[in-house]
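Tertiary structure, described
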Amino acid sequence: MLSILIVEDEQAIANLIDINLSDEGYRCTCAYDGRQGADLIERETFDLILLDIMLPEINGYELLEYVKPTGTPVIFMTAMGAVPDRIKGLKLGADDYLVKPFQIGELLARVEAVLRRSGKGEKQLAVGDVRINTESRHVTKAEQPVELTCKEFDLLVELVRNKNIALYRDRLYEKVWGEPFVGETRTLDTHIQRLRKKLDWEKRIKTVFRIGYRLEG
Ligand code: CA
């Protein structure tokens, strides 16, 4: 499930975006000021951030500095339709911007487009002879269907989307299970073992000492 952080101090707007994106199957988190946003950006991993510019505490431009090191795509939301503001946002590295008030349809289209461009919205993923359709949630290996549980599937997609990157156990767990990691690694480890077995990926999913796992692509 793709996760989106919404940083917006007008709660009614934040909630409206939350409801609509959740309906589309995204996992949403809201922050109502810049400080909350910065904390979440430092603590958690998101696939996309919707960032209002005029925010209490830390404004959207400043928040972008927190986002940059994470490489997470950003869509600016601004009430300021003025061209210089849009250009400033894009120059600072935002991936797109929305001018308020916007139609929900436009928001969804831009979210999809940015996720697609960043390689996160892809419906077809492939590693070796394994093919994954993230929409139908079908997995095949050498063109033979592979039956995975819901969490095994989500874990597989997370590994594939971060191919060749060592993933921390806690981050991986929180991403797939959507709840805080409290130090119990057995659930994650058994799911990894099952994936290795079902996909014959004993060699492909590496255990990274003291960190977690890495899928070699
Ligand atoms: Ca605002």
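This is a predicted model, so every value here is computed, not measured.

**Considerations on the sheet that holds strand S6 (residues 124–127)**
- Taken together, the four strands give an open sheet; going across it, the order is S6-S7-S8-S9, and neighbouring strands pair in antiparallel fashion. Two strands in the sheet have a free side with no partner beyond their single neighbour: S6 and strand S9 (144–145).
- Alignment of S6 against strand S7 (residues 130–133), held across four bridges, turns out to be antiparallel. Among the inter-strand pairings, Leu125 is bridged to a residue of S7, identified as Ile132.
- Here helix H6 (residues 150–161) sits on the sheet in contact with S6, S7 and strand S8 (138–141), set at roughly 110° to S7.

**As for the packing of aromatic side chains**
- Under the counting rule described, the total for this entry stands at three aromatic pairs.
- The interplanar angle of 75° and the centroid separation of 5.7 Å between the aromatic rings of Tyr61 and Phe76 together place this pair among those described as edge-to-face. A residue pair is termed long-range when its members are at least 10 positions apart, and Tyr61 in helix H3 (residues 60–67) and Phe76 in strand S4 (residues 74–78) qualify at 15 residues.
- On the accessibility criterion, Phe76 (2% relative accessible area) is buried.
- Their ring planes at 10° and their centres at 4.9 Å tell us that Tyr173 and Trp177 sit as a pair that is stacked. Of this pair, Tyr173 and Trp177 both sit in helix H7 (residues 169–177), four residues apart, which is roughly one turn of the helix.
- Tyr173 gets classed as buried once you look at its relative accessible area, which sits at 9%.
- Connected via pairs of aromatic rings, a cluster forms that spans Tyr173, Trp177 and Phe181.

**Notes on the state of the cysteines**
- Summed over all chains, the structure comprises zero disulfides.
- For the unlinked cysteine Cys28, the closest cysteine sulfur is that of Cys30, found at 6.7 Å.
- Its relative accessible area of 18% is what places Cys28 among the buried residues.

**Some remarks on the side chain of Lys141**
- Within the element layout of this structure, Lys141 appears in strand S8.
- A distance of 3.0 Å separates polar atoms of two side chains, one belonging to Lys141 and the other to Asp129.
- A polar side-chain atom of Lys141 sits 3.0 Å from the main-chain carbonyl oxygen of Leu199.
- Beyond its immediate stretch of four places on either side in the chain, Lys141 contacts Asp129, Val130, Val146, Leu199, Asp200 and Trp201.

**Quick word on the domain arrangement of the protein**
- Taken domain by domain, the protein comprises domain 1 (3–117) and domain 2 (124–215).
- Relative to domain 2, the C-alpha centre of domain 1 lies at a distance of 28 Å.
- Roughly 430 Å² of surface becomes buried between domain 1 and domain 2 when both sides are summed, with 30% attributable to carbon and sulfur atoms.
- At the junction of domain 1 and domain 2, the tally comes to one salt bridge.
- We note a salt bridge from Lys175 to Asp47, for which the minimum N-O separation is 3.3 Å.
- Remark: the boundary between domain 1 and domain 2 carries three residue pairs in polar contact (both at pLDDT 80 or more).
- Looking at side-chain class alone, the side of domain 1 that touches domain 2 contains no nonpolar, two polar and four charged residues.

**Brief notes about helix H8 (residues 186–199)**
- Across its 14 residues, H8 extends 20 Å between first and last C-alpha, which sits within 8% of the 20 Å expected from 1.5 Å per residue.
- Taken together, the buried positions of H8 are Leu188, Asp189, His191, Ile192, Leu195, Arg196 and Leu199. Take H8 and look down its axis: the buried residues cluster within an arc of 160°, on one side only. In H8, the exposed residues that point more than 90 degrees away from the buried face are Arg186 and Lys197.
- For H8, the secondary structure elements touched by its buried residues are S7, S8, H6, H7, strand S11 (205–208) and strand S12 (212–215).
- Trailing H8 by a residue or two, Asp200 shows a phi angle of about 60°, which is positive.

**Considering the coordination of the calcium ion**
- Taken together, Asp9 (OD), Asp52 (OD) and Met54 (O) make up the protein donors of the calcium ion, found 2.1 to 2.4 Å from the metal.
- Counting the intervening residues between successive donors of the calcium ion yields the motif D-x42-D-x1-M. With a gap of 43 residues between them, Asp9 in the loop between strand S1 (3–7) and helix H1 (11–23) and Asp52 in strand S3 (residues 48–52) connect regions that are remote in the sequence.
- Since its relative accessible area comes to 3%, Asp52 is described here as buried.

The rules behind each value
- Along each chain, the written sequence defines residue order, and numbers are assigned to residues from 1.
- Local features in this predicted model are restricted to residues whose pLDDT is 70 or higher, and side-chain atom pairs enter the listing and the counts only when it is 80 or higher, whereas totals over whole chains, interfaces and linings include all residues.
- Calculated side-chain values reflect all of the structure's heavy atoms, with hydrogen atoms and water omitted.
- At least two DSSP bridges between two strands are needed for those strands to be called paired.
- Numbered from the N terminus, helices here are DSSP runs of H or I no shorter than four residues, and strands are runs of E no shorter than two.
- Note on contacts: a residue pair qualifies if any of its non-hydrogen atoms lie within 4.5 Å across the two residues.
- Interaxial angles span 0 to 180 degrees and are taken between N-to-C directions of axes, which are lines fitted to C-alpha atoms, for helices over the stretch in contact.
- Pairs were defined over the aromatic rings of Phe, Tyr and Trp, the Trp ring being its six-membered one, requiring ring centres within 6.5 Å. Orientation was assigned from the angle between planes: stacked under 30 degrees, edge-to-face over 60, tilted for the rest.
- Summary of the burial criterion: residues with accessible area below 20% of their type's maximum are buried, those above 50% are exposed, and those between are partly exposed, where the area comes from a 1.4 Å probe applied to protein chains only.
- In plain terms, two cysteine sulfur atoms within 2.5 Å form what is called a disulfide here.
- Within 3.5 Å is the distance limit for a polar contact, defined as a pair of N or O atoms, with the added protein rule that one can donate a hydrogen and the other accept it, and that residues adjacent in sequence qualify only through two side-chain atoms.
- The domain limits used here are those given by an automatic or database domain assignment.
- Defined in terms of a 1.4 Å probe, buried area is the accessible area two parts forfeit on being brought together, summed over both.
- Salt bridge, as applied in this entry: a Lys or Arg side-chain nitrogen positioned within 4 Å of an Asp or Glu carboxyl oxygen.
- Each residue gets one label: Ala, Val, Leu, Ile, Met, Phe, Trp, Tyr, Cys and Pro are nonpolar, Asp, Glu, Lys and Arg are charged, and the others, such as Gly, are polar.
- Helices are assigned an expected span. That span is 1.5 Å times one less than the residue count.
- As used here, the arc is the angular range of directions from the helix axis to the C-beta atoms.
- Coordination shells were defined by N, O and S atoms within 2.8 Å of each metal, extended to 3.2 Å for Na, K and Ca; water is absent from the atom set, which can make sites look incomplete.

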